[in-house]
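Fold and geometry: a report
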Amino acid sequence: MAQVLSMNEYDEMDRPRIQTLPGFYGDSLIEGVLIKSLDVFSDERGYLMEIMRFNDEPMNAGEIKQAIASYSHPGMVKGWHLHSVQEDHLVCVTGMIKLVLYDYREDSPTYGVLNEIFMGERNPRAVFIPPGIFHGTKNIGSGISLVIGMPSVYYDPDNVDERRLSPTDNDIIPYDWECRLE
Ligand SMILES: Cc1cn([C@H]2C[C@H](O)[C@@H](COP(=O)(O)OP(=O)(O)O[C@H]3O[C@@H](C)C(=O)[C@@H](O)[C@H]3O)O2)c(=O)[nH]c1=O
């Protein structure tokens, strides 16, 4: 097979990122995070998706205390959020989002690892996020996105188990929320 000799800087160029799992970029899956594929049942009336069963032990769903609906406008980033005790279970049921995770647990084997998970109608997933992992979402679609959040503690406005970092201006998480064009 002929080799194109004029491409003399070919090997110095960046290689494409490869999704090791559909909709996933990251050196490895952050320890303790679970990504569960969800089935969509369609017929001519519409479609249905089970988002969580509370006896789903691997997802620790038995600890879920409430469910919230978090809507985002197109392009909007929500995050970075960090919990010390709360576990989160997230499912994007409308539109598409990018869920980005950053392991902030110094004793974790994946400390400092970033995960990008592209999920929603085109890639139905339920994601379990243990405490100690920064997380944020970006609506990457053209309409409102809807994320169902199912935390393991009741929301207490007087004692919120959540700390936040700016998604655009912080000195902890090396991540740019802009679309990676390549
Ligand atoms: C989370 C939450 C918020 N609220 C109220 C108070 C708060 O000022 C307002 C907006 O809340 P937030 O700014 O936290 O909403 P939002 O930025 O959409 O974040 C939420 O998104 C989901 C996906 C998550 O993962 C959670 O971390 C949650 O914080 O809603 C409740 O009444 N109950 C709740 O459980």
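Read on for a plain summary of the structure. Sequence order as written defines the numbering, with residues in each chain counted from 1. Selection of residues for local features in this predicted model requires a pLDDT of at least 70, selection of side-chain atom pairs for listing and counting requires 80 or more, and totals for whole chains, interfaces and linings are taken over all residues. Only hydrogens and water are set aside; all other atoms, that is, all heavy atoms of the structure, feed into the side-chain values.

This part takes up the site of the ligand. If even one non-hydrogen atom of a residue comes within 4 Å of a molecule or strand, that residue is called near it. Around the ligand lies a shell formed by Gln 66, Ile 68, Ser 70, Lys 78, His 81, His 83, Asp 88, Leu 90, Tyr 155, Glu 162 and Arg 164. Any pair of N or O atoms that falls within 3.5 Å is considered a polar contact. Within protein, one atom must be able to donate a hydrogen and the other to accept it, and sequence-neighbouring residues count only if both atoms are side-chain atoms. Here an oxygen atom of the ligand and a side-chain polar atom of Gln 66 are 2.8 Å apart. One of the side-chain N or O atoms of Arg 164 is found 2.7 Å from an oxygen atom in the ligand. The numbering of helices and of strands both runs from the N terminus, where a helix is a DSSP run of H or I of at least 4 residues and a strand a run of E of at least 2. Looking at the shell around the ligand, the elements with two or more residues in it are strand 5 (68-72), strand 6 (77-82) and strand 7 (88-94). The class makeup of the residues in the shell around the ligand is three nonpolar, four polar and four charged. Under this grouping Gly is polar, as are all residues other than the nonpolar Ala, Val, Leu, Ile, Met, Phe, Trp, Tyr, Cys and Pro and the charged Asp, Glu, Lys and Arg.

A few words on the packing of aromatic side chains. Only Phe, Tyr and Trp rings are paired, with Trp represented by its six-membered ring, and only when their centres lie within 6.5 Å; those with planes under 30 degrees apart are stacked, over 60 edge-to-face, the remainder tilted. Per the stated rule, a full pass over the model turns up five aromatic pairs. Taken together, the ring pairs in this structure connect Trp 80, Tyr 175 and Trp 177 into an aromatic cluster. Over the ring of Tyr 25 we find Arg 17, and its NZ or CZ is 3.7 Å from the ring centre. Two conditions define a charge located above a ring, namely a distance within 6 Å from the ring centre to NZ of Lys or CZ of Arg, and an angle within 35 degrees of the ring normal.

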